[in-house]
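Chain and residue survey
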Amino acid sequence: MGRFMKTLTSPIHFHTAMLEGAPIAVFMGLEIIGSGKIIEITDYIVKIGDDFYVRDACTFKYAG
């Protein structure tokens, strides 16, 4: 079983996804609001492409 749609829940998940260049889908509630590869991570935001997402306000899932 792969990681498709598995939620990134810990800092190591985010850093592993960034290092691997894994495609990530970003959700706010049930709505997808973005997708792409993680460019930057802080304790508060995740940058995917040119967009910034607040970690506590969004759910991040493996998209591929």
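Right, let's walk through the structure included here.

Parameters and conventions
Residues numbered from 1 in each chain as written. Predicted model: local features only at pLDDT ≥ 70, side-chain atom pairs only at ≥ 80, totals over all residues. Heavy atoms only, no water. Pairing = 2+ DSSP bridges. Helix = DSSP H or I, 4+ residues; strand = E, 2+ residues; numbered from the N terminus. Axes fitted to C-alpha atoms, helices over the stretch in contact; angles between N-to-C directions. Contact = heavy atoms within 4.5 Å. Salt bridge = Lys/Arg side-chain N within 4 Å of Asp/Glu carboxyl O. Buried < 20%, exposed > 50% of the residue type's maximum accessible area, 1.4 Å probe, protein only. Phe/Tyr/Trp six-rings, centres within 6.5 Å; stacked < 30°, edge-to-face > 60°. Lys NZ or Arg CZ within 6 Å of the ring centre and 35° of its normal.

Focus: the sheet that holds strand β5 (residues 59–62)
- The strand order β4-β3-β2-β1-β5 describes an open sheet built from five strands, whose pairing is antiparallel. Strands at the two margins of the open sheet, each flanked by one partner only, are β4 (51–54) and β5. Each adjacent strand pair in this sheet contributes to an overall mean axis angle of 50°, direction not counted.
- Two strands pair when backbone bridges link them, and strand β1 (residues 23–28) and strand β2 (residues 31–41) are joined in this way by six bridges, in the antiparallel orientation. Of the residues in β2, the one forming a bridge with Ala 25 is Ser 35.

Remarks on the environment of Lys 47
- Looking at where Lys 47 falls in the secondary structure, it is placed in strand β3 (residues 45–48).
- The sequence separation of Lys 47 and Gly 36 amounts to 11 residues, and the corresponding C-alpha distance is 9.5 Å.
- If we ignore the near neighbours within four places in the chain, the residues touching Lys 47 are Lys 37, Ile 38, Ile 39, Glu 40 and Phe 52.

Examining the pattern of salt bridges
- Counting across every chain of the model gives one salt bridge.
- Linking Glu 20 and Arg 3 is a salt bridge whose minimum nitrogen-to-oxygen distance equals 2.7 Å. You can see Glu 20 sitting in helix α1 (residues 11–20) and its partner Arg 3 sitting in the segment before α1, a full 17 residues away along the chain.
- Accessibility expressed as a relative area gives 32% for Arg 3, which makes it partly exposed.

Observations regarding the packing of aromatic side chains
- Summed over all chains, the structure comprises one aromatic pair.
- Each ring, one from Phe 14 and one from Phe 60, has its centre 5.3 Å from the other, and the planes form 75°; the classification is edge-to-face. Of the two residues, Phe 14 is situated in helix α1 and Phe 60 in strand β5; the sequence distance between them amounts to 46 residues.
- Classification of Phe 14 by relative accessible area gives buried; the value is 4%.
- Positioned over the ring face of Phe 27 is Lys 61, at 5.4 Å from the centre of the ring.

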